[in-house]
Amino acid sequence: WTTVTQTINVATAATYNVGVFAQTGGWNINWFTITKAPSSARVSQVDNAAPIIDVTSNYDLSKNFQVSPNPVSQELNLRAPFGLSGGTIQIIDGIGLEVFRSSYDDVSLNVSSLAVGIYTLIYTKDGHKVVKHFVKQ
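Residues numbered from 1 in each chain as written. Predicted model: local features only at pLDDT ≥ 70, side-chain atom pairs only at ≥ 80, totals over all residues. Heavy atoms only, no water.

Draft legend 1. Region of interest: the overall build of the chain. Scanning the chain from N- to C-terminus turns up zero helices and seven strands. In the chain, buried positions account for 25% of the 137 residues. By element, 50% of the accessible surface of the chain is carried by carbon and sulfur atoms, the whole surface being about 9700 Å². (Helix = DSSP H or I, 4+ residues; strand = E, 2+ residues; numbered from the N terminus. Buried < 20%, exposed > 50% of the residue type's maximum accessible area, 1.4 Å probe, protein only. Areas by Shrake-Rupley, 256 points an atom, 1.4 Å probe, with all protein chains shown as cover.)

So, in structure tokens, the structure goes:
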């Protein structure tokens, strides 16, 4: 048996889906636990850039920021109560590799070339970030 421990930090209190993606077979999961860390220990950092923080500007990036459909096969639509133009999109695959980065000036993003899997989308604007997860089918 092997014990694997993974710490996952989230930017905001919300309901999150937890999934396991198996790239190869030959294993099973005996059990897993999810525990809440003390609030003083919670710092979220996606890459070597600034940590994800609660936004204190004239708009909150995380409020009503929507990624749909989810799961997606072709076009991922982004919606927010603020203008999305001028932001940057970064997509990270399930093993932590950046698979896409570009400025964002539209309401949809073509993800048809991505492999099937679970991805993290990071939208950055004016130095603030919002992180959303999506499934490519």
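Draft legend 2. Just the pattern of salt bridges, in detail. Applying the stated criterion across every chain, the model contains one salt bridge. For glutamate 98, the salt bridge is made with arginine 101, and the minimal N-O distance between the two is 2.8 Å. By relative accessible area, which is 40% here, glutamate 98 ends up partly exposed. (Salt bridge = Lys/Arg side-chain N within 4 Å of Asp/Glu carboxyl O.)

Draft legend 3. Main features of a nonpolar patch on the surface. Among the surface-exposed residues, Val20, Trp27 and Ile29 lie close enough to one another that they form a single nonpolar patch of about 310 Å² accessible area. Mapped onto the elements of the fold, isoleucine 29 is located in the segment before strand 1 (66-68). (Patch = residues over 30% accessible without salt bridge, like charges linked within 9 Å, V, L, I, M, F, W, Y side chains within 5 Å.)

Draft legend 4. Representation of the sheet that holds strand 3 (residues 87-92) within the structure. As summarised here, the arrangement of the four strands in space is 4-3-6-7, forming an open sheet in which the pairing is antiparallel. Two strands close off the open sheet at either side, each with one partner strand: strand 4 (98-104) and strand 7 (128-136). Each strand of the sheet is rotated relative to its neighbour by a mean of 20°, with strand direction disregarded. Note: strand 6 (residues 117-125) against strand 7, nine bridges, orientation antiparallel. Paired with threonine 124 across the strands is lysine 129, a residue of strand 7. (Pairing = 2+ DSSP bridges. Axes fitted to C-alpha atoms, helices over the stretch in contact; angles between N-to-C directions.)

Draft legend 5. Structural detail: the sheet that holds strand 1. The strand order across the open sheet formed by three strands is 1-2-5, and the pairing between neighbours is antiparallel. The two strands at the open ends of the sheet, each matched to only one other strand, are strand 1 and strand 5 (108-110). Put simply, the sheet's adjacent strands are angled 20° from each other on average, direction ignored. In this structure, strand 2 (residues 75-79) lies alongside strand 5, joined through three bridges in antiparallel fashion. Bridge pairing in strand 5 places asparagine 77 opposite serine 108.

Draft legend 6. Local environment of the nonpolar core. In terms of nonpolar packing, the biggest core is built from 18 residues, with Phe65, Leu121, Tyr123 and Phe134 touching the most fellow members. Elements with a minimum of two residues in this core: strand 2, strand 3, strand 6 and strand 7. Residue contacts for leucine 121: discarding those within four places in its chain leaves Phe65, Leu76, Leu78, Ile89, Gln90, Leu109, Val130, Val131, Lys132 and Phe134. (Core = buried A, V, L, I, M, F, W, Y, C linked by side-chain atoms within 4.5 Å. Contact = heavy atoms within 4.5 Å.)

Draft legend 7. Summary view of the pairing of strand 4. Both strand 3 and strand 4 contribute to a ladder of six bridges, which runs antiparallel. Residue threonine 88 lies in a different strand from strand 4, and its bridge partner there is serine 103. The antiparallel pairing of strand 3 with strand 4 creates a hairpin that spans five residues between the two strands, and glycine 96 there sits at a positive phi of about 95°.

Draft legend 8. Structural view of the pairing of strand 2. Here strand 2 shows one buried face, formed by Leu76 and Leu78, and one open face, formed by Glu75, Asn77 and Arg79. The antiparallel pairing of strand 1 with strand 2 creates a hairpin that spans six residues between the two strands.

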